[in-house]
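Below, each chain spelled out in residue letters.
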Amino acid sequence: MKIVRQIHSHILTNPLYSPKHYALTKILAFCALSPFGDIDYARRVFSKISYPNVFSYNSMIRGSSLIENPSKEPITYYRKMLRKGYANPNSFTLAFALKACAVVSALGEGRQIHSHTFRYGFDSSPFVQTAVLNFYAKCEEISVAQQVFDEIPEKNLIAWSAMISGYARIGMVNEALSLFREMQKVDVRPDEVTMVSVISACAKAGALDLGRWVHAFIDKNGINLDVELSSALVDMYAKCGCIEKAKTLFDEMPERDTKAWSAMVVGYAVHGLAEDALELFSRMEKAKVRPNHVTFIGVLCACAHSGLVSEGQQFWSSMHTFGIEPSMEHYGCMVDLLCRAGLIEEAYSLVETMPFSPNSIIWRTLLVGCKNKGILDKGEFIAERLLKLEPLNAENYVLLSNLYASCSRWEKVSYVRKKMKESGVKAVPGCSSIEVDGFVHEFVMGDESHPEAKEIKEMLRDICEKVRHAGHEPWTSVVLHDLGEEEKENTLCEHSERLAIAFGLLKTKAPVVIRVVKNLRVCADCHEVTKIISELYNREIIVRDRVRFHRIVNGSCSCKDYW
Ligand code: ZN
Ligand code: ZN
């Protein structure tokens with residue numbers, strides 16, 4: 001930059017250099033795009049150019065989207081260019097602008113730029129099409145992305161990657177993997193980036209067998225196991241319930257960056273292995289690897305799951321020595337930690353000091369705390385906040401109603417039910433999945449669309465009878481509908497996790513572990529029933545819910561009924 005500044009002032013002061021435009025364009029490109037450049041300097045140079053050409057605009061659009069914490073700045077440069085009107089966008093302008101929109105998830109702006117690709121005649125350029133595809137995939141507009149993908153005649157590796165990771169991001173693992181197989185058929189060789197997407201799709205879906213297959217594929221095809229890919233494998237094995245395998249892979253890594261350490265810390269945390277998580281954290285410190293915000297989510301979550309209050313508070317205060325500003329998620333972990341320990345007042349005071357307004361997850365955690373301790377007035381106040389933020393989430397009404405029930409305020413219980421009915425709230429459908437023979441089967445409550453629905457139903461009936469025989473009384477209070485007792489019981493029996501477990505019992509034999517992934521928290525009745533099933537059918541069942549893993553063997557769960 002020092003030399004560039006000298007050249008710049010030389011150009012400005014020397015009348016021989018005229019026109020200066022060409023040289024300024026070059027200076028701009030260096031300042032905006034080079035890792036040794038200076039985007040602020042670029043901004044100043046750009047503001048002094050009276051008629052910036054397309055190259056200068058491109059430098060600014062690209063450069064301002066490469067910075068840390070990018071904003072919509074690149075889009076304002078793009079708009080300026082169109083408004084001034086003397087320079088038309090070329091294929092690079094459109095691709096850079098689309099990429100900038102993808103980074104900040106600017107869906108509306110990106111759609112407009114997509115329409116401009118037709119206006120300026122770049123709609124059939126594979127380069128621009130790939131950028132359009134990448135934009136829609138990153139913004140989770142997967143069906144549009146698929147359309148664009150289908151229209152690209154010569155699909156390059158980037159297009160395949162972008163599409164696979166688009167599916168992976170929203171957890172459509174079957175689609176991501178079938179695309180991956182298709183890619184091999186047309187002989188496009190996958191690279192590390194593709195494999196990271198495929199592996200993270202498996203992690204998200206908890207598809208262990210597929211994950212193992214992909215791992216074998218990587219080995220067989222000699223794909224370079226770089227730090228990022230190894231970390232993705234560690235993360236996949238941890239999230240699929242194989243914490244030992246994750247540990248082996250982690251130990252074998254020749255070098256580990258922050259991401260790798262964090263994946264392992266978080267892995268231990270969601271498995272409820274707090275001691276291992278904290279031990280690993282101190283090893284990480286000794287290895288002089290700087291923890292990041294993910295690492296801290298791991299240690300705080302580990303402390304929360306094991307009720308380690310003072311340790312959690314220490315980690316919390318050590319965050320700022322590492323220069324990490326607590327995010328919403330960190331506050332969420334801390335509130336969870338305090339509420340689980342019954343320290344509702346402390347949790348509430350922490351929420352009051354937050355520099356941003358709490359999200360619904362934090363209010364809900366507080367409400368759960370109030371419900372468990374039977375704190376009515378504060379609970380009501382919190383519920384009010386929560387329902388203002390999320391008036392259409394049935395879970396919130398269920399919690400409030402349970403709070404009233406725990407304080408025997410029955411008139412209020414029926415009031416909440418009425419209110420819920422009036423506002424037309426529908427429950428977020430619970431969805432559970434299980435992988436059998438390399439395919440992920442998904443179930444929602446009362447689902448009869450599965451080709452083997454009849455057999456599953458018979459299995460459920462069998463389970464229901466046996467569980468009842470074992471002396472279990474269904475906890476119908478977790479169902480908030482105006483149903484008769486019998487109907488409530490039936491509703492519980494058809495919860496998505498039970499459908500998935502029934503399918504697992506039907507399709508696999510011991511010692512195969514039944515692994516189920518659920519999008520919500522496991523409900524209390526299903527948790528109890530799963531414990532009984534593990535004993536009656538002599539099966540190991542691992543349920544990963546929104547919060548953590550439950551490893552259920554011989555009638556007891558690794559969470560010790562604390563989740
Ligand atoms: Zn249930
Ligand atoms: Zn459990």
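Rules and cut-offs
- Residues numbered from 1 in each chain as written.
- Chains lettered and ligands numbered in written order.
- Predicted model: local features only at pLDDT ≥ 70, side-chain atom pairs only at ≥ 80, totals over all residues.
- Heavy atoms only, no water.
- Axes fitted to C-alpha atoms, helices over the stretch in contact; angles between N-to-C directions.
- Helix = DSSP H or I, 4+ residues; strand = E, 2+ residues; numbered from the N terminus.
- Parallel < 35°, antiparallel > 145°, perpendicular 65-115°, else oblique.
- Left-handed = near helix turned anticlockwise from the far one by under 90°.
- Contact = heavy atoms within 4.5 Å.
- Nonpolar A, V, L, I, M, F, W, Y, C, P; charged D, E, K, R; others polar.
- Domains from an automatic or database assignment.
- Donors = N, O, S within 2.8 Å, 3.2 Å for Na, K, Ca; no water.
- Buried < 20%, exposed > 50% of the residue type's maximum accessible area, 1.4 Å probe, protein only.
- Core = buried A, V, L, I, M, F, W, Y, C linked by side-chain atoms within 4.5 Å.
- Tetrahedral: all angles 85-135°; square planar, octahedral: opposite > 155°, others 65-115°.
- Arc of directions from axis to C-beta.
- Polar contact = N/O pair within 3.5 Å; in protein donor to acceptor, adjacent residues only side chain to side chain.
- Patch = residues over 30% accessible without salt bridge, like charges linked within 9 Å, V, L, I, M, F, W, Y side chains within 5 Å.
- Areas by Shrake-Rupley, 256 points an atom, 1.4 Å probe, with all protein chains shown as cover.
- Salt bridge = Lys/Arg side-chain N within 4 Å of Asp/Glu carboxyl O.
- Lys, Arg positive; Asp, Glu negative; His and termini not counted.
- Charge placed at Lys NZ, Arg CZ, Asp CG, Glu CD.
- Pairing = 2+ DSSP bridges.
- Disulfide = S-S within 2.5 Å.
- Phe/Tyr/Trp six-rings, centres within 6.5 Å; stacked < 30°, edge-to-face > 60°.
- Lys NZ or Arg CZ within 6 Å of the ring centre and 35° of its normal.

On to the packing of helix H4 (residues 54–65) against helix H6 (residues 91–103), then. It is at 9 Å that the axes of H4 and H6 come closest, and there the two elements cross at 20 degrees. In terms of axis orientation, H4 runs roughly parallel to H6. In the packing of H4 onto H6, the handedness of the crossing is left-handed. Between H4 and H6, the contacting residues are Val54, Asn58, Ile61, Arg62 and Ser65 on the first element and Phe92, Thr93, Phe96, Ala97, Lys99 and Ala100 on the second. Of the residues that constitute the contact of H4 with H6, the class distribution is 6 nonpolar, 3 polar and 2 charged.

Our next topic: the domain arrangement of the protein. Partitioning the protein into domains gives domain 1 (328–428) and domain 2 (432–557). Each of domain 1 and domain 2 has a C-alpha centre, and these two points are 27 Å apart.

On to the coordination of the zinc ion (ligand 1), then. The zinc ion (ligand 1) binds to the protein through His495 (ND1), Cys523 (SG) and Cys526 (SG), with metal-donor distances spanning 1.8 to 2.2 Å. Sequence spacing of the donors to the zinc ion (ligand 1): H-x27-C-x2-C. Linking His495 in the loop between helix H27 (485–493) and helix H28 (496–507) with Cys523 in the loop between strand S3 (514–518) and helix H29 (524–536), this pair joins segments that are 28 residues apart in sequence. Comparing His495 with Cys523, the two get one shared label, buried.

Formed by 150 residues in total, the largest nonpolar core has its most connected members in Leu133 and Leu366. When residues no more than four places from it in sequence are discounted, the contact partners of Leu366 are Val335, Cys339, Ile344, Ala347, Tyr348, Val351 and Ile382. Judged by nonpolar contacts, the second largest core, of 29 residues, contains Leu499, Val522, Ile533 and Val543.

A few words now on the coordination of the zinc ion (ligand 2). Here the zinc ion (ligand 2) is held by the protein donor atoms His527 (NE2), His550 (ND1), Cys557 (SG) and Cys559 (SG), which lie 2.0 to 2.2 Å from it. Relative to the metal, the 4 donor atoms surrounding the zinc ion (ligand 2) lie at angles of 105 to 116 degrees, and the coordination shape comes out tetrahedral. Read in sequence order, the donor residues for the zinc ion (ligand 2) give the motif H-x22-H-x6-C-x1-C. Here Cys559 lies in the segment after strand S6 (556–557) and His527 lies in helix H29, a separation of 32 residues in the sequence. Each member of the pair, His527 as well as Cys559, carries the same accessibility label: buried.

A separate point is helix H3 (residues 39–48). Among the residues of H3, Ile39, Tyr41, Ala42, Val45 and Phe46 are the ones counted as buried. Within H3, the buried residues cover an arc of 150 degrees as seen down the axis, which keeps them to one side. Pointing more than 90 degrees away from the buried face of H3 are the exposed residues Ser47 and Lys48. On its buried side, H3 packs onto helix H1 (2–13), helix H2 (21–33), H4 and helix H5 (73–84). For H3, the capping residue at the N-terminal end is Asp38, with a side-chain oxygen 3.0 Å from the backbone nitrogen of Asp40.

On to the environment of Gly323, then. Here Gly323 is to be found in the loop between helix H19 (309–318) and helix H20 (328–340). Sequence-wise, Gly323 and Leu492 are 169 residues apart; in three dimensions their C-alpha atoms are separated by 47 Å.

Further remarks concern a positive patch on the surface. There is a patch of like positive charges on the surface, built from Arg79, Lys80, Arg83 and Lys84. Along the chain, Lys84 turns up in helix H5.

Note on strand geometry: in a regular strand, side chains alternate between the two faces of the sheet. For strand S1 (residues 431–436), the buried fraction is high: 5 of the 6 residues fall into the buried class. When S1 meets strand S2 (residues 439–444), the two strands line up antiparallel, connected through 6 bridges. The residue bridging Ile434 from the neighbouring strand is His441, located in S2. The pairing of S1 with S3 spans 3 bridges and is classified as antiparallel. Directly across from Ser432, in S3, lies its bridge partner Lys518.

With that settled, consider the state of the cysteines. The final tally for this structure, using the stated rule, is 0 disulfides. Among the cysteines around Cys139, which has no disulfide bond, Cys101 carries the closest sulfur, lying 7.7 Å off. For Cys139, a relative accessible area of 14% puts it in the buried group.

Moving on to the packing of aromatic side chains. According to the stated counting rule, one finds 18 aromatic pairs in the structure shown. Measuring from ring centre to ring centre gives 5.3 Å for Phe46 and Tyr77, while their planes differ by 85 degrees; the resulting arrangement is edge-to-face. In this pair, Phe46 is assigned in helix H3 and Tyr77 in helix H5, connecting sequence segments 31 residues apart. The same class applies to Phe46 as to Tyr77, namely buried. Between the aromatic rings of Phe92 and Phe127, the centroid separation amounts to 5.3 Å while the plane-to-plane angle is 55 degrees, which identifies the pairing as tilted. With Phe92 in helix H6 and Phe127 in helix H8 (residues 126–138), the pair connects residues that are 35 residues apart, well separated along the chain. Sitting above the plane of the Phe149 ring, Lys155 keeps its charged end 5.1 Å from the centroid. Over the ring of Trp261 we find Arg256; its NZ or CZ atom is 5.6 Å from the centre of that ring.

Here we take up the pattern of salt bridges. All told, the structure shown has 23 salt bridges when counted by the stated rule. For the salt bridge of Asp251 with Lys247, the shortest nitrogen-to-oxygen distance reads 2.8 Å. Note that Asp251 and Lys247 are positioned in helix H15 (residues 243–252) at a spacing of 4 residues, about one turn of the helix. With relative accessibility at 36%, the residue Lys247 sits in the partly exposed group. Taking the shortest distance from any N to any O, the salt bridge between Glu452 and Lys507 comes out at 2.8 Å. Remark: Lys507 occurs in helix H28 and Glu452 occurs in the loop between S2 and helix H26 (453–469); sequence separation between them is 55 residues.

This paragraph deals with the environment of Gln112. By the secondary structure assignment, Gln112 is in helix H7 (residues 107–119). Along the chain, Gln112 and Glu390 lie 278 residues apart, while their C-alpha atoms are 31 Å from each other.

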